Amino acid sequence: MADGLWVFAVLGAGVTGLLMATASFAEDAEAGPHIHSVAIRPGQETRESIIEKAANLVPSPRQAAFHELEYTCFIHFGPNTFTGMEWGSGKENPAIFDPGQTLDTDQWCRIASEAGMRLMLITVKHHDGFCIWQTRYNDRFSVRAIPWREGQGDVLRELADSCRRYGLKLGVYLSPADLFQIEDPEGLYGNESVFRPSVIPTDPEYFTTDPMRVREDRPEGAPVFEFETDDYNRYFLNQLYELLTEYGPIHEVWFDGAHPKPQGGQTYIKDEWFGMIRELAPEAVIFGGPDVRWCGNESGRTREAEWNILPVQSLADSGKDRPAEDVGAIERLVLPEYEVYGEILQANYLYYLIPEINTSIRAGWFWRNEHEQAVRTADDVFDIYERAVGGNGVFLLNVPPDKHGRFAERDTACLLEVGRRIRATYGDRSLMEGATSEFPQLLDGRLDTYWQPEVDTHSIEVAFPEARTINRLVLQEAITTVGQRVARHALDARVGDEWVEVAEGKTIGYKRILRFPEVTADRLRVRILESRLTPTLATVSAHYYEAPLPALEITGDPDGRVTIRIPEARDFVWRPHGQGDTSTHTQASIHFTIDGTPPTAQSPRYDEPLDLPEGGRIMAVAVEGGRAGPVTEAWLGLAPATLRVHAVSSEHDDAHAAAKAIDGDATTFWHTDWADSPAHPHTLVIDIGQTRPLAGFTYLPRQDKAVPDGMVERGEVSVSADGQIWSEPVPFTFGNLVNDPSQRTFLFPEATAPVRYFRFVSLAGAAGKPYAAAAGIGILPASVSPAQP
């Protein structure tokens, strides 16, 4: 099949007709100079011709509509919600999926809408293969196979209905990877079946014996497709057909590139997938395909320069991940090849591809628990929103429901606060009232009217009736009619009689939010410093963000000295992005308590580190000018310096001695001997110095690299007063350590009797590794630990 050409048969009423649909670059090549993909002529292009082609690419109508969504909600919900794992095995008992009668998709949509989100994207099938809709093609590992709602439950149906009630669009994530179909003896994934003519939708009774038999209960008027498929691609296409024809309009289809366990040389016929989506869901953009691409990380990190025009080898390769920092730079576009994770691909086309910045509100994609799974602050989420939406992308924030099928309280509070900030900052255009410009089209809020200079003076000015205080400026290019062109720009403000540069940026594209310390000015000037061909600006608007006081950061050192501070940039323990907004940094005072009462402006003021070698429950708040920020709370265990190693089964060498697990330094770690004692169990006994009741412990996996070597996934702990007689071991399991190597907290069902010794035993390592390692093991005395939920 030629790149960019989809051919499928449409069958109905006893008549077979042939329809042909072309990919976007062939389809639009005759429409005029502004298209959303274009072929590159091997050996015939110059740097100038590549720049001209790139500068004239525009989004398709479906892509333009997707740009305007800006902020969307990701829902990870499935068996992993109930097991605490991030990637399931496909071998779980499907009955573990049981949200009871409390599943509330209306709650999801109500909160998402108030947060400013405009689309709900749900994992209808994650990598484990479990299906949360009423699929006809899997009655053994899906909602059809479980007691919940007597096998009639349909999470997607409920969400689709809720989306309609709350005016939200709907998207579906369908994982190409499928561990159930790999692990099951009758599984279809990689079963080496032959490709043969097949109709979609296929009669499930004759799925493998006669794949040319059409399913009789397809929706009225829905087309029938004929493809050459193997068993798994036929299974996948049939499920895709169900999703696109039975749940109302679908506006995004999400294909994940991750795969936990490839098998049997299974290949995907993506051209056929994409072609069927175009026919059945013409408004849907395809992530992992020709419309939307991954931003290169899962942490919320954004690029300073985010170009939407990228080289592509073929339609099927268009969705491959692009992790490079300068992914769309001209220096890359002019090369005949491009690299994706070591794979060299030919640059045969240029595509307009929207970056989607996806990350999770929690430390992990699935809900795990409430006592140790961290949740982002509103500061962090709002910062990512401004950098993602204001960095020419779409922000996809994962909000995983809990095991009751509801958004948890901490997640909800964060979302509602972020929504309030978005409305207060960008929903208010009062700062533009009375503003004037030589180019009034810049002030009408439309992308299809724009300024484009006819001479070399690439700057515009906006005047206010009087001096106004701002700290945000929003710019947009005429991407739908001209294309993305601006490579570098700057903002000046006239303060008194002087022009002062207050911000600079690189690309603009759909939207750029410039952030800067507040300035009071009566006139603004935007200068375009570099562009691909003649630049455009479509909208300019000024805003003011009144930053709430930030959440604080509480840390302890090995001697039990506790530091409380205002972080310079907001970040998160899970896959930190290393970026943040420092334009509104505050000099607020900090007040704290250690007796469990909420702190106020009258509480003790923090001026120097606190000495708490016994640990403690610390609550702190930032206060400034009558305002108070959110209360930050931390439970700190015994000071590492008070702990001693009593016994250890093995240690590799002095650099990886058992003492490294209790030294309070996350950069060092204990590791068992690689050679002489590689198999579990491994044991570490800690002397806590004096007898006291314990509430639990913390475990920090090694932090030096992303490999799972030594991460303890399953084990048991016990305690003793004398180091001789031990309590009954209590088992623990820490899921998703490979993808989320953050600190875990384990609490005993109830406080122990007074003890002096703590025994940690590893029974299994992440990814099947036989070693044990720990960058930190902390001991929580009963007096300071959080309550078990």
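This structure is a prediction, so every number in the text was calculated from the model and none was measured.

Novice: Would you mind showing me how to read the overall build of the chain here?
Specialist: If you tally the helices and strands in the chain, you get 12 helices and 39 strands. Expected size for 789 residues packed as a compact globule is a radius of gyration near 28 Å; at 29 Å, the chain falls within 12% of this value. Overall, the chain is about 85 × 80 × 50 Å in size when its C-alpha atoms are taken along their principal axes. Out of the 789 residues belonging to the chain, those deemed buried represent 57%. In the chain, 74% of the contacts between residues at least 6 apart in sequence involve partners at least 24 apart. For the chain, the exposed area adds up to about 31000 Å²; of that, 49% sits on carbon and sulfur atoms. Charge centroids of the chain, computed over 72 positive and 115 negative side chains, lie 2 Å from each other.

Novice: Looking at this structure, how should I read the sheet that holds strand S15 (residues 349–352)?
Specialist: Hydrogen bonds between backbone atoms are what pair the strands of a sheet, whose relative direction is either parallel or antiparallel. Read from one edge of the open sheet, 3 strands run S3-S15-S12, paired in antiparallel fashion. For this open sheet the edge positions go to strand S3 (37–39) and strand S12 (309–312), each flanked by a neighbour on one side alone. Between one strand and the next, the sheet's axes are offset by a mean angle of 20 degrees, whatever the strand orientation. Pairing analysis gives 3 bridges linking S3 to S15, with the strands arranged antiparallel. Across the sheet, residue alanine 39 finds its bridge partner in S15, namely tyrosine 349. Contacting S3, S12 and S15, helix H2 (residues 47–55) runs over the sheet at an angle of about 30 degrees to S15.

Novice: Just to check I follow, could you spell out the pattern of salt bridges for this structure?
Specialist: As a working rule, side chains carrying opposite charge can pair if their charged atoms are close by. Throughout the structure, instances matching the rule amount to 56 salt bridges. Residue aspartate 104 is joined to arginine 406 by a salt bridge in which the shortest nitrogen-to-oxygen separation is 2.8 Å. Of this pair, aspartate 104 sits in the loop between helix H4 (80–83) and helix H5 (105–115) while arginine 406 sits in the loop between strand S17 (394–398) and helix H12 (409–426); the two residues are 302 residues apart in sequence, bridging distant segments of the chain. Here arginine 406 falls in the partly exposed class, since its relative accessible area comes to 32%.

Novice: Quick question: what am I supposed to make of the side chain of aspartate 383 here?
Specialist: Relative to the elements of secondary structure, aspartate 383 occurs in helix H11 (residues 378–389). Within the structure, the side chain of aspartate 383 is placed 3.0 Å from the side chain of arginine 387, a separation counted as a polar contact.

Novice: Could you clarify how one ought to interpret unusual backbone geometry in this entry?
Specialist: When glycine is set aside, most residues are seen to have a negative phi, and most peptide bonds are trans. Residue proline 201 follows isoleucine 200 across a cis peptide bond; omega there is 10 degrees. Within the element layout of this structure, proline 201 appears in the loop between strand S7 (196–200) and strand S8 (225–229). A cis amide bond, omega 5 degrees, links histidine 680 with the succeeding residue proline 681. Following the sequence through the fold, proline 681 ends up in the loop between strand S31 (670–671) and strand S32 (682–692). At arginine 149, a position not held by glycine, the phi torsion is positive, near 55 degrees. Take arginine 149: it is sitting in the loop between strand S5 (119–125) and helix H6 (155–166). A relative accessible area of 26% means that arginine 149 is categorised as partly exposed. Positive phi outside glycine occurs at glutamate 150, with the angle close to 55 degrees. Structurally, glutamate 150 is set in the loop between S5 and H6. Since its relative accessible area comes to 72%, glutamate 150 is described here as exposed.

Novice: Help me understand H5, please; the structure alone is not making it clear to me.
Specialist: What sets the pattern is the α-helix's 3.6 residues per turn: residues three or four places apart point alike. Listed as buried for H5 are Thr105, Gln107, Trp108, Cys109, Ile111, Ala112 and Ala115. Buried-residue contacts for H5 involve strand S4 (71–75), S5, H6 and H12. For H5, the capping residue at the N-terminal end is aspartate 104, with a side-chain oxygen 3.3 Å from the backbone nitrogen of aspartate 106.

Novice: What is the right way to look at the nonpolar core in this model?
Specialist: Nonpolar side chains in soluble globular proteins tend to end up buried together. Formed by 95 residues in total, the largest nonpolar core has its most connected members in Tyr71, Trp108, Met120 and Leu415. With 8 residues, the top contributor of residues to this core is helix H8 (residues 231–245).

Novice: How should I be thinking about the environment of arginine 627 in this particular structure?
Specialist: Note that arginine 627 resides in strand S28 (residues 627–628). Among the residues examined, arginine 627 registers a relative accessible area of 32% and is labelled partly exposed. In this structure, the C-alpha to C-alpha distance between arginine 627 and leucine 549, residues 78 residues apart in sequence, is 7.5 Å. Here arginine 627 is in contact with Ala547, Pro548, Leu549 and Ala622, once residues within four sequence places are set aside.

Novice: Would you mind going over the sheet that holds strand S26 (residues 610–611) with me for this structure?
Specialist: What the 3 strands build is an open sheet, ordered S23-S24-S26; its pairing is antiparallel. With partners counted over all chains shown, the strands left at the sheet margins are strand S23 (553–556) and S26, one partner each. Where strand S24 (residues 561–565) and S26 come together, 2 bridges link them in antiparallel fashion. Counterpart to valine 562 in the pairing with S26 is leucine 610.

Novice: Could you clarify how one ought to interpret the packing of aromatic side chains in this entry?
Specialist: Within a pair of aromatic rings, the relevant descriptors are the distance that separates the centres and the angle that separates the planes. Scanning the model with the defined rule gives 44 aromatic pairs in all. Taking the centre distance of 5.2 Å and the plane angle of 65 degrees together, the rings of phenylalanine 77 and phenylalanine 97 count as edge-to-face. Highlighted residues: phenylalanine 77 in the loop between S4 and H4 and phenylalanine 97 in the loop between H4 and H5, separated in sequence by 20 residues. You'll find phenylalanine 77 and phenylalanine 97 in the same group, each marked buried. Every member of this aromatic cluster is reached through a ring pair, and the members are Phe77, Phe82, Phe97, Trp108, Phe130, Phe141, Trp148, Phe180 and Phe407. The residue whose ring lies beneath arginine 234 is phenylalanine 207, and the NZ or CZ to ring-centre distance is 5.2 Å.

Novice: What is the right way to read the pairing of S24 from this model?
Specialist: Note on strand geometry: in a regular strand, side chains alternate between the two faces of the sheet. A one-sided burial pattern is seen for S24, the buried positions being Val562 and Ile564 and the unburied ones Arg561, Thr563 and Arg565. Alignment of S23 against S24, held across 4 bridges, turns out to be antiparallel. In the sheet register, threonine 555 faces S24, and the bridge partner there is threonine 563. Linkage of S23 to S24, two consecutive antiparallel strands, is achieved through a turn of 4 residues, within which glycine 560 is found at a positive phi near 85 degrees.

Novice: I would appreciate a short explanation of the packing of H5 against H12 in the present structure.
Specialist: A pair of packed helices can be characterised by two numbers: the angle between their axes and the separation between those axes. For the pair H5 and H12, interaxial distance at closest approach is 7 Å and the crossing angle is 35 degrees. Residues Gln107, Ile111, Glu114 and Ala115 of H5 touch H12, and the partners they reach there are Thr412, Leu415, Leu416, Gly419, Ile422 and Arg423. Taken together, the residues of the contact of H5 with H12 break down into 5 nonpolar, 3 polar and 2 charged.

Novice: So what exactly am I meant to see when it comes to the environment of alanine 547 here?
Specialist: Mapped onto the elements, alanine 547 comes out in the loop between strand S22 (539–543) and S23. In this structure the C-alpha to C-alpha distance between alanine 547 and arginine 421, which are 126 residues apart in sequence, comes to 8.4 Å.

Novice: Would you mind going over the environment of glutamate 728 with me for this structure?
Specialist: Tracing the sequence through the fold places glutamate 728 in the loop between strand S34 (712–720) and strand S35 (730–733). Distance from glutamate 728 to valine 717, taken between C-alpha atoms, is 8.6 Å for residues 11 residues apart in sequence.

Novice: How should the packing of H8 against helix H9 (residues 270–280) be read in this particular structure?
Specialist: It is at 11 Å that the axes of H8 and H9 come closest, and there the two elements cross at 15 degrees. If you check the angle between H8 and H9, you find them roughly parallel. Helix-helix and strand crossings are classified by hand; for H8 and H9 the assignment is right-handed. When H8 is examined against H9, the residues Asn233, Phe236, Leu237, Leu240, Tyr241, Leu244 and Thr245 are found in contact with a partner set consisting of Glu272, Trp273, Met276, Ile277 and Leu280.

About the cut-offs
Residues numbered from 1 in each chain as written. Predicted model: local features only at pLDDT ≥ 70, side-chain atom pairs only at ≥ 80, totals over all residues. Heavy atoms only, no water. Helix = DSSP H or I, 4+ residues; strand = E, 2+ residues; numbered from the N terminus. Rg over C-alpha atoms; globule rule 2.2 N^0.38 Å. Buried < 20%, exposed > 50% of the residue type's maximum accessible area, 1.4 Å probe, protein only. Contact = heavy atoms within 4.5 Å. Areas by Shrake-Rupley, 256 points an atom, 1.4 Å probe, with all protein chains shown as cover. Lys, Arg positive; Asp, Glu negative; His and termini not counted. Charge placed at Lys NZ, Arg CZ, Asp CG, Glu CD. Pairing = 2+ DSSP bridges. Axes fitted to C-alpha atoms, helices over the stretch in contact; angles between N-to-C directions. Salt bridge = Lys/Arg side-chain N within 4 Å of Asp/Glu carboxyl O. Polar contact = N/O pair within 3.5 Å; in protein donor to acceptor, adjacent residues only side chain to side chain. Core = buried A, V, L, I, M, F, W, Y, C linked by side-chain atoms within 4.5 Å. Phe/Tyr/Trp six-rings, centres within 6.5 Å; stacked < 30°, edge-to-face > 60°. Lys NZ or Arg CZ within 6 Å of the ring centre and 35° of its normal. Nonpolar A, V, L, I, M, F, W, Y, C, P; charged D, E, K, R; others polar. Parallel < 35°, antiparallel > 145°, perpendicular 65-115°, else oblique. Left-handed = near helix turned anticlockwise from the far one by under 90°.

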